[in-house]
Structures are given as structure tokens and as C-alpha cells.
Amino acid sequence: QVQLVESGGGLVQAGGSLRLSCAASRSIFSIKSMGWYRQAPGKQRELVAAITSGSSTDYADSVKGRFTISRDDAKNTVYLQMNSLKPEDTAVYYCNAVVVAISRDIDYWGQGTQVTVSS
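Everything quoted here is computed from the prediction, not taken from an experiment.

S.K.: How should I be thinking about the state of the cysteines in this particular structure?
M.R.: What is meant by a disulfide is a covalent connection between two cysteines, made through their sulfur atoms. Applying the stated rule across the entire model yields one disulfide. The disulfide partner of C22 is C95, and the S-S distance across this bridge is 2.0 Å. Between C22 and C95 the disulfide shows an S-S torsion of about -80 degrees. By sign, it is left-handed. Linking C22 in strand β3 (residues 18–24) with C95 in strand β9 (residues 91–100), this pair joins segments that are 73 residues apart in sequence. Each member of the pair C22 and C95 is classed as buried.

S.K.: Whenever I open this one, the environment of G54 confuses me. Can you help?
M.R.: One can find G54 in the loop between β5 (46–52) and β6 (57–59). When the C-alpha atoms of G54 and M34 are compared, they prove to be 11 Å apart, with 20 residues separating the residues in sequence.

S.K.: Even after reading the chapter, I still don't get the pairing of β5, so can you show me in this structure?
M.R.: Side-chain positions along a regular strand alternate between the two faces of the sheet. Taken together, the six bridges between strand β4 (residues 33–39) and β5 define a ladder with antiparallel strand orientation. For G35, the partnering residue across the bridge sits in β5 and is A50. From the end of β4 to the start of β5, which pair antiparallel, there are six residues, and G42 there has a positive phi angle of about 75 degrees. Bridge count between β5 and β6: three bridges; the pairing is antiparallel. Pairing of I51 across the sheet is with T57, part of β6.

S.K.: Which parts of the structure should I look at to understand the packing of aromatic side chains?
M.R.: For any pair of aromatic rings, the description rests on two quantities: the centre-to-centre distance and the angle between the ring planes. Within this structure, the stated rule accounts for one aromatic pair. With a centroid separation of 5.0 Å and 70 degrees between ring planes, the pair formed by Y37 and W109 is classed as edge-to-face. Here the residue Y37 occupies a position in strand β4, and W109 occupies one in strand β10 (residues 105–109), the gap between them amounting to 72 residues. In this structure Y37 comes out as partly exposed when scored by relative accessible area, which is 23%. Taking the relative accessible area as the measure of exposure, W109 reaches 36% and is therefore partly exposed. Its guanidinium or amino end placed over the ring of Y94, R45 lies 3.8 Å from that ring's centre, counting from NZ or CZ. It is R45 that lies over the ring of W109; its NZ or CZ is 4.7 Å from the centre.

S.K.: What exactly am I supposed to notice about the sheet that holds strand β8 (residues 77–82) here?
M.R.: Working definition: the strands of a sheet are paired by backbone hydrogen bonds and lie parallel or antiparallel to each other. Strand order across the open sheet formed by four strands is β1-β3-β8-β7, with antiparallel pairing between neighbours. Every interior strand has two partners, whereas the edge strands, β1 (4–7) and β7 (67–72), have only one. Strand-to-strand twist across the sheet, computed as the mean angle between neighbouring axes with direction ignored, equals 15 degrees.

S.K.: Looking at this structure, I do not really get the nonpolar core. What am I missing?
M.R.: Side chains of nonpolar character tend, in soluble globular proteins, to be buried together. If you look at the biggest cluster of nonpolar residues, it comprises 32 residues, and the most contacted ones within it are L4, M34, W36, L80, M82 and Y93. Of all the secondary-structure elements, those providing two or more residues to this core are β3, β4, β5, β7, β8, β9 and β11 (113–118). For this core, the element with the most residues is β9, which contributes five residues.

What counts and how
Residues numbered from 1 in each chain as written. Predicted model: local features only at pLDDT ≥ 70, side-chain atom pairs only at ≥ 80, totals over all residues. Heavy atoms only, no water. Disulfide = S-S within 2.5 Å. Helix = DSSP H or I, 4+ residues; strand = E, 2+ residues; numbered from the N terminus. Buried < 20%, exposed > 50% of the residue type's maximum accessible area, 1.4 Å probe, protein only. Pairing = 2+ DSSP bridges. Phe/Tyr/Trp six-rings, centres within 6.5 Å; stacked < 30°, edge-to-face > 60°. Lys NZ or Arg CZ within 6 Å of the ring centre and 35° of its normal. Axes fitted to C-alpha atoms, helices over the stretch in contact; angles between N-to-C directions. Core = buried A, V, L, I, M, F, W, Y, C linked by side-chain atoms within 4.5 Å.

Given below as C-alpha cells:
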């Protein structure tokens, strides 16, 4: 099992930057993948960015070139650097971890952190 705690959200003007952090309660070295999802009001939760245990990354088309996901295994933390923020990036951002169990993958989620981008 793993607990995830997000931080770093807030209010920023369009064009600004924020860095989100996701601290895990255990080593992330062997976690299959970790990622950031977001959910705006009235919309479904969507993948923003993900990073595997081998540091391969994946991004939503809408954030490519603006967001960067990274990990620090020594600190059990995953980061999401968000630059050139747009009002449409406004959402609750959730940290996700996928852990391999005996017969299936298990998803763990943080409580979410609000990001609001004003125009």
C-alpha cells in the first residue's frame, strides 16, 4: 500500500508557472508508474503526464512542451513542472501510483490539489 500527498497547487495568472509535488509514503523505486491526472468541473478525470519506473514519460497532447514530469527516488517524490499555464489548465490535480500486485495492478490516489489559472 502507498499513501500519496500532493502539494504545490494554487492560483496563478495565465502564462505563469507552478510545480506540483507528490510525496509517497514508501519507496517509489519499484512502483510501476506514477502520474498526474486532472479533473475540471463537469469533466472526466484525464491523464496529464506519467512516468514509469524506468523513467519513460507520457504526456497529454494538450500539455506537451509546457509540462514536465520528473521523479526523485531518493525523496520518494514525483514532480510536475507546469509552465505557460492557460485558463483551461484549471482543475484539481491528482497524483496516481500504479503498483504491481500478484495478479493485477492496483491504483492509488492522492487527495488532489487545486490549480486555478486566471486569464
